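# Examining the three-dimensional arrangement
Spelled out from the first residue to the last, the chains are:
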Amino acid sequence: MTEIISLKDVDVTFHQTKQKVVHAVQKVSLSIEKGDIFAIVGFSGAGKSTLVRTINLLQVPTNGQVSVSGKCLSRSGRVLIGKKELQQERRQIGMIFQGFNLLNETTVIENVAFALRHTKLRDDEIEQRCLELLRLVGLQDKAEAYPSQLSGGQQQRVAIARALANKPNILISDEATSALDPQNTEQILKLLKRLNRELGLTIVLITHEMSAVKQIANKVAVMQAGQLIEQGDLHQIFLHPKKELTRQFVGGSSAAVSTLETLHLAQLTSNEAIFQLVYNVKNVTQSIIVELYRKLGIEASMLYGNVELLNDEPVGTLVILVKGDYVQQTEAVKFLKAQNVDVSRLDERGNLYD
């Protein structure tokens, strides 16, 4: 695959006052290949939106290097291209946001045409291009409507059409589904996945919604306090997370925590342990609990179970209570990992075990 975005040791620092310095992004390096749907996830304030704005230099990095489509745009805090060339580069990077950013006093087709106002296209060519884009996003019958007459999902489709007006190679989605209800979110994600497939569009997905990541992304990077703490292939990140924050994001942990809270489990004895198991359902064909008892003589009971699709692949999450001494617990973990199962120990409230 061809690298289309490269960030190397990118820093973004804000000097709010002489005494207060905010390190919004710290030494972040990542590589995004052409055709990727690359998700950057993290809680609010992690620095993910600031990071993504460095790709088109809406935010010039304090340090580090930014390259897009093989061209170095910024290095060591300096923009390396002129204003006119930067404008041309930005036209190759479409952006959509949570707030849609539509012009309420103009029609849908005029909103899309707004992105083409500085091109050399004739008026009839602009109209034809806009109608093609509206057909692409399924809104050809809404060309003369106004944004206020559309649902949230339809408004986001208009925003996507406008972002595609200049035929960009890259589309940045910055929390674009956060303001939508589940049904509209599902439709927008399906649209993004189709655009990725049909247009060869590279999509950078900024989100804290793991359901969106699971549905369409193929690569994931996790940010915390301005730093990139983990990145890799979607399945690798979800099935074998290395960092505590990543484990909180993946594998149904929040649902498991809620379930364990309702069980009101007493404090565990030394001969009891709770484990969260995450695995590819296709690779684990036999009952884990049955196999633990049959092969090791270790008793386990299920406290929580779930199966969900991870970019069309079924992934299971199982929380079990294992009964046995330290040696047996260690044997159980070793056995499970040998079955290609990711194992995390939880306390009785469902939190990661210290």
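Here we summarise the structure given alongside this text. It should be emphasised that the depicted structure is a prediction, and the values quoted were computed from it without experimental measurement.

## Some details on the sheet that holds strand β14 (residues 313–323)
Reading across the sheet, the four strands line up as β13-β14-β12-β15 and stay open at both edges, with antiparallel pairing between neighbours. For this open sheet the edge positions go to β13 (299–310) and β15 (342–346), each flanked by a neighbour on one side alone. Neighbour-to-neighbour, the strand axes of this sheet turn through a mean angle of 20°, independent of strand direction. Pairing geometry for β13 and β14, over 11 bridges, is antiparallel.

## Overview of the sheet that holds strand β5 (residues 71–75)
The strand order across the open sheet built from five strands is β2-β1-β4-β5-β6, with neighbouring strands paired in antiparallel fashion. Every interior strand has two partners, whereas the edge strands, β2 (21–33) and β6 (78–79), have only one.

## Topic: the layout of surface pockets
A volume near 670 Å³ is recorded for the largest pocket. Every residue lining the largest pocket is counted, 20 residues in all, and those nearest its centre are R90, R91, I93, A115 and N166. At the level of secondary structure, the elements contributing two or more residues to the lining of the largest pocket comprise α2 (83–91), β7 (93–97) and α5 (152–163). In terms of residue count, the dominant contributor to the lining of the largest pocket is β7 (four residues). A breakdown of the residues in the lining of the largest pocket according to their chemical character gives nine nonpolar, six polar and five charged.

## Some points on α5
Side chains that are three or four residues apart share a direction in an α-helix, a result of its 3.6 residues per turn. Across its 12 residues, α5 extends 16 Å between first and last C-alpha, which sits within 8% of the 16 Å expected from 1.5 Å per residue. When α5 is considered as a whole, its buried residues turn out to be G153, Q155, Q156, R157, V158, A159, I160, A161, R162 and A163. Check the buried side of α5 and you find it contacts β7, α3 (108–113), α4 (123–136), β8 (170–174) and α6 (182–199).

## Considering the packing of aromatic side chains
Aromatic rings in a pair are described by how distant their centres are and how their planes are angled relative to each other. Inspection of every chain in the model, using the stated rule, returns zero aromatic pairs. The lysine or arginine in question, R117, covers the ring of F114, its NZ or CZ lying 4.0 Å from the ring centre.

## Structural notes on the side chain of T246
When you line up the elements, T246 lands in helix α9 (residues 244–249). Within the local environment of T246, its side chain forms a polar contact with the side chain of E230, the two groups lying 2.7 Å apart.

## Considerations on the pattern of salt bridges
Counted according to the given criterion, the structure contains 15 salt bridges. The shortest N-O distance in the salt bridge between R122 and E125 comes to 3.2 Å. Through salt bridges that share partners, E33, D36 and K219 make up one connected network.

## Quick look at a negative patch on the surface
A cluster of like negative charges, contributed by E110, D123, E127 and E144, occupies part of the molecular surface. Inspection of the secondary structure puts E144 in the loop between α4 and α5. Under the relative-accessibility criterion, E144 is labelled exposed at 58%.

## Side note on the side chain of D11
You can see D11 is positioned in strand β1 (residues 3–15). Of the buried charged residues, D11 lacks a salt bridge, with K27 as the closest side chain of opposite charge at 4.3 Å. Setting aside chain neighbours within four positions, we find D11 in contact with V25, Q26, K27, P61, T62 and N63.

## A look at the pairing of strand β12 (residues 272–280)
The buried fraction of β12 is high, at eight of nine residues. By the bridge criterion, nine bridges tie β12 to β14 in an arrangement that is antiparallel. Residue pairing in the sheet places I274 in a bridge with L321 of β14. Both β12 and β15 contribute to a ladder of five bridges, which runs antiparallel. When the sheet's bridge partners are listed, F275 is paired in β15 with R345.

What counts, and where the lines are drawn
Chains are numbered independently. Their residues run from 1 in the order of the written sequence. Given that the model is predicted, a residue must reach a pLDDT of at least 70 before its local features are reported, and side-chain atom pairs must reach 80 or more before they are shown or counted; all residues, however, enter totals for whole chains, interfaces and linings. Values reported for side chains reflect all heavy atoms of the structure, with hydrogen atoms and water molecules removed beforehand. Two strands qualify as a pair provided DSSP detects at least 2 bridges between them. The helix count covers DSSP runs of H or I at least four residues long, the strand count covers runs of E at least two residues long, and both are numbered beginning at the N terminus. Where helices are involved, their axes are fitted lines through C-alpha atoms of the stretch in contact, as for all axes, and angles between N-to-C directions lie from 0 to 180°. Within this scheme a cavity is a closed region of a 1 Å grid, computed over the protein atoms alone, that accommodates a 1.4 Å probe without allowing it to escape, whereas a pocket is open but has protein on both sides within 12 Å along at least five of seven lines; lining residues each have an atom within 4 Å of a point. Grid points are joined across faces, edges and corners, and a volume is the space filled by probe spheres set on the points. In this classification, Asp, Glu, Lys and Arg are treated as charged, Ala, Val, Leu, Ile, Met, Phe, Trp, Tyr, Cys and Pro as nonpolar, and every other residue, Gly included, as polar. By definition here, a helix of n residues has an expected span of 1.5 Å times n minus one. Per-residue accessibility, obtained with a 1.4 Å probe over protein chains only, is compared with the maximum for each type, and a residue is labelled buried under 20%, exposed over 50%, and partly exposed between these values. Contact definition: two residues touch when any of their heavy atoms are within 4.5 Å. Only rings of Phe, Tyr and Trp enter the pairing, Trp through its six-membered ring, and a pair is recorded when the two centres are within 6.5 Å. The plane angle decides the type: under 30 degrees is stacked, over 60 is edge-to-face, the rest tilted. Here, a charge over a ring means that NZ of Lys or CZ of Arg falls within 6 Å of the ring centre while also lying within 35 degrees of the ring normal. A 3.5 Å cut-off defines polar contacts: any pair of N or O atoms within that distance qualifies, except that in protein one atom must be a possible hydrogen donor and the other a possible acceptor, and neighbouring residues in sequence count only when both atoms are side-chain atoms. By salt bridge we mean one thing: a side-chain nitrogen of Lys or Arg within 4 Å of a carboxyl oxygen of Asp or Glu. In this analysis, a patch consists of residues with relative accessible area above 30% that form no salt bridge, clustered at 9 Å for like charges and at 5 Å for the nonpolar side chains Val, Leu, Ile, Met, Phe, Trp and Tyr. Note on areas: these come from Shrake-Rupley sampling with a 1.4 Å probe, and a residue is covered only by the protein chains present in the view. Charged residues are defined narrowly, with Lys and Arg counted positive, Asp and Glu counted negative, and His plus the chain ends left uncounted. Here the site of a charge means atom NZ of a Lys, CZ of an Arg, CG of an Asp or CD of a Glu.

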